[in-house]
Amino acid sequence: MKHTTSAQFALLAVLGAAATTASAQSSVALYGLIDATFMVGHGSTANKTQLGNSGNTTSRLGFRGTEDLGGGLKAGFVLEMGLNNDDGTGATTNPNNQGTYKASTGRFTANASGGGGTTFNRRSMLTLSNTMGELRLGRDYTPHYWQYVFFDPFTMNGVGASQIYAGSLGGPTLVRASNSIGYVLPGNLGGLYGQAQVYLGENSGTEAAPIGKSDGNGVSLRLGWANGPWNMAVAMGRTQFALPGDITTSNAGLSYDFGRFKLSAMVNSDKVGSAAKSSGYLVGVSVPTASGELRATYSGSKAKVNGTSPEADKVSLGYVHNLSKRTAVYGTVAFLSNKGGATFGLNGATTAANTSSKGLDIGIRHAF
């Protein structure tokens, strides 16, 4: 039988203490959400029925971790990918904040990469934080996008998502930006919150025209105040493009929680050089129930592109029923009316100009 000496006991104690300290100072977590949605869309030209995803909350798989570096300084990371759980594929990403502009619609088709498997399209960043705030390096949400999430009762998901988003001309950096450097204010400023971000298109300057060496470079800012029932914020973003011109975005949101229900409103304005511009609005209400939440919004968008003025109005109604803290079922219906030559359709339906569309989502989501 092998005996342990007192020196060996001391060494084991030191190693055990070191392991305990390291465990206390560092953490890594796996998390995710799966949302399966039965989707129906009706339009004047063609209807569509499908099993989709993310009708209530976007499906995702992620890893996050932190390490305490001492003196109040922490290092961290987030790696998060979008999932198409109806067919098992991953979501695509845009590595350079650029895309192809279509003059007839005033919109960009974003450059896409990946999507066959693991692509950390949602977030891929390293962070450093202390009492002065947080530094973020990598792919992240643009600050001006958070307005859509916080002031839309449907959080920009599913058929109920605000028409502001569908009608926006915000381009490849409407939601996220790659190659970004960001700063987030600390949470101890009496309700004041904010975020600043710059991002790079990383062109070499030798690309063939019409690509400019600064294409995909940009800046986004957000500043808000939340105190008690009030929440209000303004934001702006600007992404450079040689042709057809820079994309500029500005928006403002406001909400007030009465306890039994919460009212929210938002306005948005986009401009693509001198070629196109759009505006949008939203008013919404969310009503908590004993086991879920009722949601309703009225939203619209209007653009000016090539001498035309397409616009659309949308009404969305939905209910989320919580089966547990991590699982819920939901249903949403939406009705959309096109004007001025607009052809927006819901849930993949196709509509002729100046006609209407309607959509239905029924689904279940589970977080882990």
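Calculation rules
Residues numbered from 1 in each chain as written. Predicted model: local features only at pLDDT ≥ 70, side-chain atom pairs only at ≥ 80, totals over all residues. Heavy atoms only, no water. Core = buried A, V, L, I, M, F, W, Y, C linked by side-chain atoms within 4.5 Å. Buried < 20%, exposed > 50% of the residue type's maximum accessible area, 1.4 Å probe, protein only. Helix = DSSP H or I, 4+ residues; strand = E, 2+ residues; numbered from the N terminus. Contact = heavy atoms within 4.5 Å. Patch = residues over 30% accessible without salt bridge, like charges linked within 9 Å, V, L, I, M, F, W, Y side chains within 5 Å. Areas by Shrake-Rupley, 256 points an atom, 1.4 Å probe, with all protein chains shown as cover. Salt bridge = Lys/Arg side-chain N within 4 Å of Asp/Glu carboxyl O. Phe/Tyr/Trp six-rings, centres within 6.5 Å; stacked < 30°, edge-to-face > 60°. Lys, Arg positive; Asp, Glu negative; His and termini not counted. Charge placed at Lys NZ, Arg CZ, Asp CG, Glu CD.

A. Quick peek at the nonpolar core. Judged by nonpolar contacts, the single largest core of 14 residues is most densely connected at Tyr141, Tyr145, Tyr148, Met156, Ile164, Val175 and Met266. No other element matches helix 2 (residues 146-151), which puts 4 residues into this core. What methionine 266 contacts, discounting residues up to four positions off in sequence, is Gln147, Tyr148, Phe151, Ile164, Asn251, Ala252, Gly253, Gly280, Tyr281 and Leu282. By size, the runner-up hydrophobic cluster in this structure holds 8 residues, among which are Leu169, Ile247, Val272 and Ala303.

B. Quick look at a nonpolar patch on the surface. On the surface, Leu69, Leu73, Leu126, Leu128, Leu135, Leu137, Ile181 and Val198 cluster together to form a nonpolar patch covering roughly 630 Å² of accessible area. Going through the elements one at a time, strand 8 (123-130) and strand 9 (133-141) are the ones with two or more residues in the nonpolar patch. Within the fold, isoleucine 181 resides in strand 10 (residues 176-184). The exposure class assigned to isoleucine 181 is partly exposed, which follows from its relative accessible area of 45%.

C. Representation of the packing of aromatic side chains. All chains considered together, the criterion is met by 11 aromatic pairs. For the ring pair tyrosine 141 and tryptophan 146, a centre distance of 4.7 Å and an interplane angle of 50 degrees mean the geometry is tilted. The exposure classification of tyrosine 141 matches that of tryptophan 146, with both residues buried. Centroid distance tyrosine 145 to tyrosine 148: 5.8 Å. Interplanar angle 25 degrees. Geometry classified as stacked.

D. A look at a positive patch on the surface. Residues Lys271, Lys277, Lys302 and Lys304 make up a contiguous surface patch of positive charge. Assessed through its relative accessible area of 45%, lysine 277 is described here as partly exposed.

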